[in-house]
Amino acid sequence: MTAKSRADVSEERRAALDAGHVASTDLVECLVVDHVALARAVLPKAGVPLPAEEALAKIAGAPLKARLGFFASLLARHPKGRTALATHASDTVRSWVTLAYEGEKDPQKRLLLLRPFAADPHFGVREYAWMAYRSALLADLDAALAPLLPWTAEEDANLRRFAAEATRPRGVWCAHLRTLRTDPRRGLPVLEPLARDPARYVQLSVANWLNDASKDDPAFVEEVTARWLAAHRCPETVHIATRALRTLRGKNTT
């Protein structure tokens, strides 16, 4: 748990978040945003009509995932609104836009639409970006994996991390990719180019990918980490391997 709690977010700060004037700075602030108040403040200005009051009242008390999905679905029907809000100051608003692109059926087109959000400066928007691609991987792993592979060579570490995080077999707050749980070797085209990645952000994602896989196929993870360490025992690979093996070794690494 973070040391900061909801009570630490001042009324003034909450008002600024709800008006869309500022972005959240941490998970606690992300959670205190009033999505309905935010929608009232920003949607009409972007030319997006507000839903009926009954619908707004119902969604106000719904879980976070439902609130995000509600406004994402609304923006999915208003392309001009999505464009107008794509660079909004509020990370919550940009997250709505990000998730609105989940409806794009073509994986290549969806990646192009999600690219600016995958590289967004805000951690929350980046998380929703890979989540918005997850359903494409669930629907057809091979078709969705192919256009994603070039991202492992991108200069931006956020994009490289997207490739790893989106394909994690178990993932976080998302449906599991059971195809990769059953056969994690199908994920090697994503993992191999990142075995020595210089960015700690990417290293952690690759390690978590392998740690996911270790819960279903420990032999696979043992083989991959041993092979990587034999090929290049650099600090980057050592860090990845150590974290990747934490469940198998019974260690809580940080």
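For the structure itself, look to the data block above.
What counts and how
Residues numbered from 1 in each chain as written. Predicted model: local features only at pLDDT ≥ 70, side-chain atom pairs only at ≥ 80, totals over all residues. Heavy atoms only, no water. Helix = DSSP H or I, 4+ residues; strand = E, 2+ residues; numbered from the N terminus. Rg over C-alpha atoms; globule rule 2.2 N^0.38 Å. Buried < 20%, exposed > 50% of the residue type's maximum accessible area, 1.4 Å probe, protein only. Contact = heavy atoms within 4.5 Å. Areas by Shrake-Rupley, 256 points an atom, 1.4 Å probe, with all protein chains shown as cover. Axes fitted to C-alpha atoms, helices over the stretch in contact; angles between N-to-C directions. Parallel < 35°, antiparallel > 145°, perpendicular 65-115°, else oblique. Nonpolar A, V, L, I, M, F, W, Y, C, P; charged D, E, K, R; others polar.

Q: So what exactly am I meant to see when it comes to the overall build of the protein here?
A: Looking only at helices and strands, one finds 17 helices and 0 strands in the protein. In summary, the protein has a C-alpha radius of gyration of 20 Å against a globular reference of 18 Å for 254 residues, a match within 12%. By its C-alpha atoms, the protein is 60 × 40 × 30 Å across when sized along the principal axes. Counting every position in the protein, which comprises 254 residues, the buried fraction comes to 51%. In the protein, the proportion of contacts linking residues at least 24 apart, taken out of those at least 6 apart, comes to 60%. In the structure as shown, the protein presents an accessible area of about 12200 Å², 55% of it carried by carbon and sulfur atoms.

Q: Where do I start with unusual backbone geometry in this structure?
A: Leaving glycine aside, a negative phi is the common case for residues, and trans is the common case for peptide bonds. Positive phi outside glycine occurs at W173, with the angle close to 55°. With respect to the helices and strands, W173 occurs in the loop between α11 (157-166) and α12 (178-182).

Q: What should I look at first to understand the packing of helix α8 (residues 107-118) against helix α9 (residues 123-139) in this one?
A: As a packed pair, α8 and α9 sit with axes 9 Å apart at the nearest point and diverge in direction by 170°. The angle between α8 and α9 places the two elements in the roughly antiparallel class. Residues P107, R110, L111, L114, F117 and A118 of α8 lie in contact with α9, whose contacting residues are V125, R126, A129, A132, Y133, S135 and A136. Looking at the contact of α8 with α9 residue by residue, the classes come out as 10 nonpolar, 1 polar and 2 charged.

Q: Could you clarify how one ought to interpret the environment of W96 in this entry?
A: Position of W96 relative to the elements: it lies in helix α7 (residues 91-100). With 27 residues separating them along the chain, W96 and G69 place their C-alpha atoms 7.4 Å apart. Residues within four places of W96 in sequence aside, it is in contact with H35, L38, A39, V42, L43, L68, F71, A72 and L75.

Q: Could you clarify how one ought to interpret the side chain of N208 in this entry?
A: Within the fold, N208 resides in helix α14 (residues 200-214). Ignoring anything within four residues of it in the chain, the contact list for N208 reads R168, R243 and R246.

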